[in-house]
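# Chains, contacts and geometry: an overview
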Amino acid sequence: MTIAEPRPPSPTSTPAPEAAAVVPPELTVAGDAPLARQWEDRPGLPGFLTTVDHKRIGVRYIVTAFIFLLVGGVEALFMRAQLARPGGSVLGPDTYNQLMTMHGTTMVFLFNTPVFAGFGNYLVPLQIGARDMAFPRLNALSYWIYVLSGVFLYGSLAMRQVPDGGWFAYTPLTSSAYSPGKGMDFWAIGVTFLGISTTVGAINFIVTIMRMRAPGMSLNRMPIFCWGVLSMAGMIVFAVPSITLAGLLLESDRAFGMHLFDPARGGNPVLYQHLFWFWGHPEVYILFIPATGIVSTVIPTFAGRRIAAYPLVVAALVATAFISFGLWVHHMFATGTPLLVASFFSAASMIVAIPSGVQIFAWITTVWLAKRVRYEPPMLFALGFIVIFVIGGMTGVMVAVVPFDQQVTDTYFVVAHFHYVLIGGTVFPAFAGFHFWFPKITGRMLNPRLGRLSFWLMFVGTNLTIFPMHILGLEGMPRRVYTYQDGLGWNVWNMLSSIGALILAAGVVVAGFDFWWAWRRGRPAPADPWGGDSLEWGVPSPPPAYNVAAFPVVSDLHPMWQARDEGRLMPAVVSVAGEDLVEPHGEHHRTLTTSAIDASSVDVSSMPGPSHLPLVLAVGVLVLCVALISRNAMVGIAGGVLTAVSLIRWHDEGGEPVE
Ligand code: HEM
Ligand SMILES: [Cu+2]
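Here the residue index of a chain counts from 1 through its sequence in written order. Key to labels: chains lettered from A, ligands numbered from 1, both in the order written. Confidence filtering applies because this is a predicted model: local features only for residues at pLDDT of at least 70, side-chain atom pairs given and counted only at 80 or more, and all residues used for totals across whole chains, interfaces and linings. In computing side-chain values, all of the structure's heavy atoms are included and hydrogens and water are not.

Moving on, we get to the coordination of the copper ion (ligand 2). In an ideal tetrahedron of four donors about a metal, each angle is 109.5 degrees. In an ideal octahedron of six donors, the angles are 90 or 180 degrees. Protein ligation of the copper ion (ligand 2) involves His-281 (ND1), His-330 (NE2) and His-331 (NE2), the donor distances falling in the range 1.8 to 2.0 Å. Here a donor is any nitrogen, oxygen or sulfur atom (N, O, S) within 2.8 Å of the metal, with 3.2 Å used for Na, K and Ca; water is not among the atoms considered, so some sites may look incomplete. Mapped onto the sequence, the residues coordinating the copper ion (ligand 2) show the spacing H-x48-H-H. Of this pair, His-281 sits in helix 9 (residues 269-303) while His-330 sits in the loop between helix 10 (310-323) and helix 11 (339-351), and the two are 49 residues apart along the sequence. Here His-281 and His-330 have matching classes, each one buried. Think of it this way: any DSSP run of H or I at least four residues long counts as a helix, any run of E at least two long counts as a strand, and we number them from the N terminus. Relative accessibility thresholds used throughout: buried, under 20% of the residue-type maximum; exposed, over 50%; partly exposed, between the two (1.4 Å probe, protein chains only).

Glancing now at empty space enclosed by the protein. Each cavity reported here is a set of points on a 1 Å grid over the protein atoms alone in which a 1.4 Å probe fits but cannot get out, each pocket an open set with protein on both sides within 12 Å along at least five of seven lines, and each lining residue one with an atom within 4 Å of a point. Grid points are joined across faces, edges and corners, and a volume is the space filled by probe spheres set on the points. Scanning the entire structure with this criterion turns up four cavities of 30 Å³ or more. In this structure, the largest cavity occupies an estimated 250 Å³ of space. Lining the largest cavity are 24 residues, and of these Thr-113, Leu-194, Ser-197, Thr-198 and Ile-236 lie nearest its centre. Secondary-structure elements contributing two or more residues to the lining of the largest cavity are helix 5 (93-127), helix 6 (136-158), helix 7 (183-211), helix 8 (224-256) and helix 9. No other element matches the eight residues that helix 7 contributes to the lining of the largest cavity.

Take the packing of aromatic side chains next. Ring pairs shown here join Phe, Tyr and Trp side chains whose ring centres sit within 6.5 Å, with only the six-membered ring taken for Trp; geometry is labelled stacked below 30 degrees between planes, edge-to-face above 60, and tilted in between. Applying the stated criterion to the full structure yields 63 aromatic pairs. Plain terms: the ring middles of Tyr-285 and Phe-288 are 6.0 Å apart, the flat faces sit at 80° to each other, and that makes the pair edge-to-face. Taken together, the residues span about one helical turn, with Tyr-285 and Phe-288 both in helix 9 at a distance of three residues. Pair check on accessibility: Tyr-285 and Phe-288 agree, each one buried. By definition here, charges over rings are those cases where NZ of Lys or CZ of Arg is within 6 Å of the ring centre and within 35 degrees of the ring normal. One cation-aromatic arrangement involves Arg-60 over Phe-48; the distance from NZ or CZ to the ring centre is 3.9 Å.

Surveying the vicinity of ligand 1 reveals 21 residues, the closest of which are Tyr-96, His-103, His-419, Arg-479 and Arg-480. Think of a polar contact as two N or O atoms within 3.5 Å of one another; within protein, one of them needs to be a possible hydrogen donor and the other a possible acceptor, and neighboring residues in sequence only count if both atoms come from side chains. Within the side chain of Tyr-96, a nitrogen or oxygen atom sits 2.6 Å from an oxygen atom of ligand 1. Listing elements by their share of the shell around ligand 1, those giving two or more residues are helix 4 (54-83), helix 5, helix 15 (412-442) and helix 17 (491-521). Under the grouping applied here, Gly and all other residues not named as nonpolar or charged are polar, the nonpolar ones being Ala, Val, Leu, Ile, Met, Phe, Trp, Tyr, Cys and Pro and the charged ones Asp, Glu, Lys and Arg. Looking at the shell around ligand 1, its residues break down into 13 nonpolar, six polar and two charged. Put simply, a residue is near a molecule or strand once any heavy atom of it comes within 4 Å of that molecule or strand.

A few words now on the domain arrangement of the protein chain. Size of an interface: often given as the accessible area lost when the parts come together. Start and end positions for the domains come from either an automated domain assignment or a database one. Considered domain by domain, the protein chain is made up of domain 1 (22-48 + 538-611), domain 2 (49-521) and domain 3 (614-652). The C-alpha-based centres of domain 2 and domain 3 are spaced at 30 Å. Any two residues having at least one pair of non-hydrogen atoms within 4.5 Å are treated as being in contact. Each partner contributes residues to the interface: domain 2 has 20 residues there, and domain 3 has 13 residues. Note: buried area is the sum, over both parts, of the accessible area (probe 1.4 Å) each one loses when the two are combined. Summing both sides of the interface, domain 2 and domain 3 together bury roughly 1500 Å²; the carbon and sulfur share of this comes to 84%. Think of a salt bridge as a Lys or Arg side-chain nitrogen and an Asp or Glu carboxyl oxygen that are within 4 Å of each other. Counting across the interface, domain 2 meets domain 3 through zero salt bridges. In this assembly, domain 2 and domain 3 are joined by one residue pair in polar contact (both at pLDDT 80 or more). Within the residue set of the side of domain 2 that touches domain 3, elements represented by two or more residues are helix 6, helix 7 and helix 8.

Let us look at the environment of Ala-177. Mapped onto the elements of the fold, Ala-177 is located in the loop between helix 6 and helix 7. Given a relative accessible area of 61%, Ala-177 falls into the exposed group. Between the C-alpha atom of Ala-177 and that of Thr-395, which follows or precedes it by 218 residues, the distance is 36 Å.

Let us look at the side chain of Ser-218. Here Ser-218 lies in the loop between helix 7 and helix 8. A relative accessible area of 10% means that Ser-218 is categorised as buried.

Before going further, it helps to examine the layout of surface pockets. The computed volume of the second largest pocket comes to approximately 360 Å³. Contributing to the lining of the second largest pocket are 17 residues, with Asp-53, Lys-55, Arg-56, Val-59 and Ile-441 lying nearest its centre. Take the lining of the second largest pocket: its biggest share by element is five residues, from helix 4. Mapping the lining of the second largest pocket onto the domain boundaries places at least three of its residues in each of domain 1 (22-48 + 538-611) and domain 2 (49-521).

Over its 27 residues, helix 16 (residues 448-474) runs 39 Å from end to end, which matches the ideal 39 Å to within 8%, given 1.5 Å per residue. Its side-chain oxygen at 2.8 Å from the backbone nitrogen of Arg-449, Asn-447 defines the N-terminal cap of helix 16. Immediately downstream of helix 16, the backbone of Gly-476 shows phi near 95°, a positive value. Each residue after the first adds 1.5 Å to the expected span of a helix.

Patch definition: residues with relative accessible area over 30% and no salt bridge; like charges joined within 9 Å; nonpolar side chains (Val, Leu, Ile, Met, Phe, Trp, Tyr) joined within 5 Å. For accessible areas, the Shrake-Rupley method is used with a probe of radius 1.4 Å. Any residue's cover is judged against the shown protein chains and nothing else. On the surface, a nonpolar cluster with roughly 510 Å² of combined accessible area is contributed by Phe-361, Ile-364, Trp-368 and Leu-369. Inspection of the secondary structure puts Trp-368 in helix 12 (residues 353-368).

This part is about the environment of Val-295. Note that Val-295 resides in helix 9. Linking Val-295 and Gln-359, residues 64 residues apart in sequence, is a C-alpha distance of 9.8 Å. Not counting chain neighbours up to four residues away, the residues in contact with Val-295 comprise Pro-300, Trp-363, Ala-382, Phe-385 and Pro-429.

What follows covers the pairing of strand 3 (residues 572-576). Burial analysis of strand 3 places five of its five residues in the buried class, which makes it a mostly covered element. Of the pairings in the sheet, the one linking strand 2 (residues 551-552) to strand 3 comprises two bridges and is antiparallel in character. Across the sheet, the residue bridging to Phe-551 is Val-573, located in strand 3. Strand pairing requires that DSSP identify at least two bridges connecting the strands. Two strands pair when backbone bridges link them, and strand 3 and strand 4 (residues 579-580) are joined in this way by two bridges, in the antiparallel orientation. By the bridge assignment for strand 4, Ser-575 is matched with Asp-580. Taken together, strand 3 and the strand that follows it, strand 4, pair antiparallel across an intervening segment of two residues, in which Ala-577 is found at a positive phi of about 50°.

This part takes up the packing of helix 13 (residues 377-399) against helix 15. To define axes, lines are fitted to C-alpha atoms, for helices over the stretch in contact only, and angles between the resulting N-to-C directions are given on a 0 to 180 degree scale. At a minimum axis distance of 8 Å, the contact between helix 13 and helix 15 shows a crossing angle of 160°. As the angle between them shows, helix 13 and helix 15 are arranged roughly antiparallel. The chirality of how helix 13 crosses helix 15 is left-handed. Its residues assigned to classes, the contact of helix 13 with helix 15 shows 18 nonpolar, nine polar and no charged. An angle below 35 degrees is read as roughly parallel, one above 145 as roughly antiparallel, one from 65 to 115 as roughly perpendicular, and any other as oblique. The hand of a helix crossing depends on one turn: near helix anticlockwise from the far one by less than a right angle means left-handed, and clockwise means right-handed.

Moving on, we come to helix 7. Helix length check: helix 7 (29 residues) gives 43 Å between terminal C-alpha atoms against 42 Å at 1.5 Å per residue, within 8%. Within helix 7, 22 of the 29 residues are buried, which leaves it mostly tucked inside the rest of the structure.

Right, let's talk about the packing of helix 5 against helix 9 for a bit. Contact geometry of helix 5 with helix 9 gives a least axis separation of 11 Å together with a crossing angle of 40°. By the angle between their axes, helix 5 is oblique relative to helix 9. Relative to helix 9, the crossing made by helix 5 is left-handed. Contact with helix 5, carried on its side by Val-108, Phe-109, Asn-112, Thr-113, Phe-116, Phe-119 and Gln-127, involves Trp-279, Glu-283, Leu-287, Pro-290, Ala-291, Ile-294 and Thr-297 of helix 9 and no other residues of that element.

Quick look at the environment of Pro-403 now. Within the secondary structure layout, Pro-403 lies in helix 14 (residues 402-408). Taking the C-alpha atoms as reference points, Pro-403 and Ala-334, 69 residues apart in sequence, are found 9.5 Å from one another.

In structure tokens:
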């Protein structure tokens, strides 16, 4: 392995001044170099459809998820318009049930999980100093299946068969006896279809993080965001099979007359709840953990100092990932769960607050000890997250108490609780991430004044929308009602909540405008606008298709700060076993693989390039889903052929060779 020792930047390559200060010129090469030519996609639509570039796939995930956030937000606004006054006539009961179901399903499945897959996709290879994800074609497949499962779910609108049984689709309500139309088939098949994407993505993250970190980046030098993504991915591998099974079994009952959930014929409807929530509860941490990874990246950057207690914060992340698999029955305290069983899950539901507390104190300590804190928009969203999430966390401990939960289950108190932890715990960190990495992704700066305006509108809007729901719940307002009578003392709180929803929506619109405008006309961004500590700030904004020409050698948890503090450039690997990594030969995309724990032993691995097969395979599976909904054998055969042919071709092309 040849390491290029730090030396002054060569006059030829003119990287941005900041980059020149800390990264050897070998980390980037001139635009027309063979490496750049080898990694760049074909221009236009062919490149768009065949790319396997993690950055392009990451951006697609983020943009698509943002669009679904807007869709879910509009659905919520309609519900709030209906509930603003008693006896509302904006929506009828069926439409309300459809909007409520699609809102919950869209926000959790199509916005929240994918937005963090998007951040992970874009950032993990850059933060670990790799050129791509371990399985680039699988990566493309996971995106195509994600977007096509969203198209499939919303295809139900075109068929006027919209899912209406609630986002957790409990039986017997969602059995074909009580939900005769195709709506809940769309839900069950759509969720199962999407599960393929999430699982494939998770496996990709685990292998990438464990085998492709830069030389020297041992696990205790890995950025916290990557720990967040690794924990998220590990949880997905164990949790998603449960929701996949719930969806498949529900569809078997509905489409093939099975009776797994029908008590009259030996089935058990509570089994469905166990399968759903064995995924459902870890799911909220599958969202929360990468979100905390973003917060643990943003807060130290704007506090200008290392995070307090890094090892404890990492341990807290991993502990949360494990403990969260022991909580799911707290969603079922009112289903006749024996008290002894319930008390175990109640205790576990309180224990899980401890690692979250550790992280919150680490963030507060980091800010507390900072010499100077910069309250830029990313930092505001990160601090807003702490305030809103702590309120949600406190009501979480309340509903973990069995007798209290039995009082408030299925009321607006629970709706308030999960919106505080979901909006506070995931939407605010996502917006911190949007503002923090927008310059890196687009090469342009956002407008900080619009950023601050959007933050305050979202912060005030969230609290005004959701806080009154606690009071409504304590006053007995059940969830999932499309209207309510006058004179129950619920009018003011509902009106406040609806006004709050408008303010929150205005904040999201201001942010959307800021992103759209800056992407086209924003001030050019340097490689490192914030003074970040991890490797993504060492490459230009936006990064070249190959990310790094030479692979940085890492010897600190904060490589960019270390190079800056020591006023020297970072050494980097330029060849291994005589194989030149900067001036590559042959077609295959080359990257480094390193050993799992301490990233000491280094090897070169090659990955296949762009391909249309991931898209074709995803379309094949979509056609199979359509065949299931339409019960059409011909469509089924077409989908089967498309899927089989693309799988065989993929295999013949050698799939994902990692030597
Ligand atoms: C943007 C502001 C939001 C507003 C105004 C809002 C409002 C609402 C309302 C009014 C309901 C229906 C409650 C009922 O009838 O029982 C609801 C349900 C729900 N919301 Fe939101 N929501 C928002 C954001 C979110 C976000 C960001 C998420 C998740 C990430 C989310 C997840 C859910 C879920 C899972 C349900 C339950 C649906 C069901 O009962 O089937 N919401 N929301
Ligand atoms: Cu839970």
